[in-house]
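Take a look at the letters that make up each chain.
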Amino acid sequence: VSEKILKEAIEEFDADGGGFGVMDAASGEILAVGNYPTFDPNRVQNSKEIHRKLSFVTDPIEPGSTFKTFTVISSFENNIAKPDTAFYCERGRLRVEDHIISEAESQKKFEWLTVSEILRYSSNIGTTKLAFDLTYPKLKKTLKKFGFGKKTGGEFPGESRGIFIDKDNVPPLSLSNISFGQGVATTGIQMLAAYAAIVNDGVYRKPTLLKGGNEGVQGYTVMGRDLAQSVKDILIKAVENGTGSYAKIPYFKIAGKTS
């Protein structure tokens, strides 16, 4: 079913490709994973080599605005901000070094936004200001805790570590870019496991392809239960009346973040 829906979406929007992962957040078990274009293992000779790998696991990409969630988490756990702390978002233009940081949608001219709204409406400038108050060493500590920059440890051949800047510090422009998911690259499986930890009340579980593959293996806490609930509440609002409204499903509460 997941492969069919992905194929339909890629064809509808004329995309080059895509991937998906479905994970049981409590156990870490991968229920479905794949990508498209793919290949028929019964007719390998008719496929392209590039399509014979699980790119959701092997190919790092810039995560974009889905990464903002972890900047927000870092700001909360380091007491830089709370969900209702407000930041001035410069009416859509912020100079950083010799560059202008703008919003993903150029027509957006945000002024004061709370941190909850920064994530809900996906403000690049608001996220940048959070990161500047936070500083890179603290942000990096949070990102590494969620598994970025290393393999997840699951049974995935060819898994990538992604691309991660493991320096003591970075220039302001790099910090701005990293805060909203540019200048850094993650795999789909890394992002899936990191978001699953939020769902699982702040406990990170290693993704596994095996039924019961994590039995006897303890997860580890990456954030407190209350903090995880606060972030879930914000991500629910991002779907209910923010940038993720297309993900709404009748009769279900959906938490999500647009890229």
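This text gives an overview of the structure that appears in the document. No experiment lies behind these values; they were computed from the predicted model shown.

**So, the pairing of strand 1 (residues 18–23)**
Where strand 1 and strand 2 (residues 30–36) come together, six bridges link them in antiparallel fashion. Paired with G21 across the two strands is V33, which belongs to strand 2. Where strand 1 folds back onto strand 2 in an antiparallel hairpin, the turn is made up of six residues, including G28, whose phi is positive at roughly 85°.

**Quick notes on helix 8 (residues 188–199)**
Residue pairs three or four apart in sequence face the same way in an α-helix, which turns once every 3.6 residues. Here helix 8 contains 12 residues, and its C-alpha end-to-end distance of 17 Å stays within 8% of the 16 Å for a straight helix at 1.5 Å per residue. With respect to burial, helix 8 is a largely interior element, 10 of its 12 residues being buried. Those residues of helix 8 not exposed but buried are I189, Q190, M191, L192, A193, A194, Y195, A196, A197 and I198. As for helix 8, its buried residues are in contact with strand 1, strand 2, helix 2 (55–58), helix 3 (68–77), strand 7 (203–204) and helix 9 (225–241). Taken from the residues just after helix 8, D201 is the one with a positive phi, measuring 55°.

**Considering the packing of helix 8 against helix 9**
Contact geometry for helix 8 and helix 9: axes closest at 8 Å, N-to-C directions at 110°. Classified by the interaxial angle, the pair formed by helix 8 and helix 9 is roughly perpendicular. Side by side, helix 8 and helix 9 meet where Y195, I198 and V199 of the first sit next to A228, V231, K232 and L235 of the second.

**What to know about the pattern of salt bridges**
Under the counting rule described, the total for this entry stands at 13 salt bridges. For E90, the salt bridge goes to K129, with nearest N and O atoms at 2.6 Å. Here E90 is found in the loop between strand 3 (86–88) and strand 4 (93–96), whereas its partner K129 is found in helix 5 (residues 124–134), with 39 residues between them in sequence. By relative accessible area, which is 29% here, E90 ends up partly exposed. Here K144 and D166 are joined by a salt bridge, their closest N and O atoms 3.4 Å apart. Placement of the pair is K144 in helix 6 (residues 136–145) and D166 in the loop between helix 6 and helix 7 (172–179), with a sequence separation of 22 residues. One continuous salt-bridge network, built from bridges that share partners, spans K140, K144 and D166.

About the thresholds
- Along each chain, the written sequence defines residue order, and numbers are assigned to residues from 1.
- Where local features are concerned, this predicted model is filtered to residues with pLDDT of at least 70; where side-chain atom pairs are given and counted, the filter is 80 or more; whole-chain, interface and lining totals use all residues.
- Side-chain measures were taken over the full set of non-hydrogen atoms in the model, leaving aside hydrogen atoms and water.
- Strands are treated as partners if at least two bridges between them are detected by DSSP.
- Runs of H or I in DSSP of at least four residues are treated as helices and runs of E of at least two as strands, each being numbered from the N terminus.
- The length a helix should cover is 1.5 Å for every residue beyond the first.
- Per-residue accessibility, obtained with a 1.4 Å probe over protein chains only, is compared with the maximum for each type, and a residue is labelled buried under 20%, exposed over 50%, and partly exposed between these values.
- Residues are treated as being in contact if the distance between any of their heavy atoms lies within 4.5 Å.
- Only the stretch in contact is used when fitting a helix axis, every axis being a line fitted to C-alpha atoms; angles between N-to-C directions are given from 0 to 180 degrees.
- Every angle not falling under 35 degrees, over 145, or within 65 to 115 is termed oblique; those three ranges are roughly parallel, roughly antiparallel and roughly perpendicular.
- When a carboxyl oxygen of Asp or Glu is within 4 Å of a side-chain nitrogen of Lys or Arg, the pair counts as a salt bridge.

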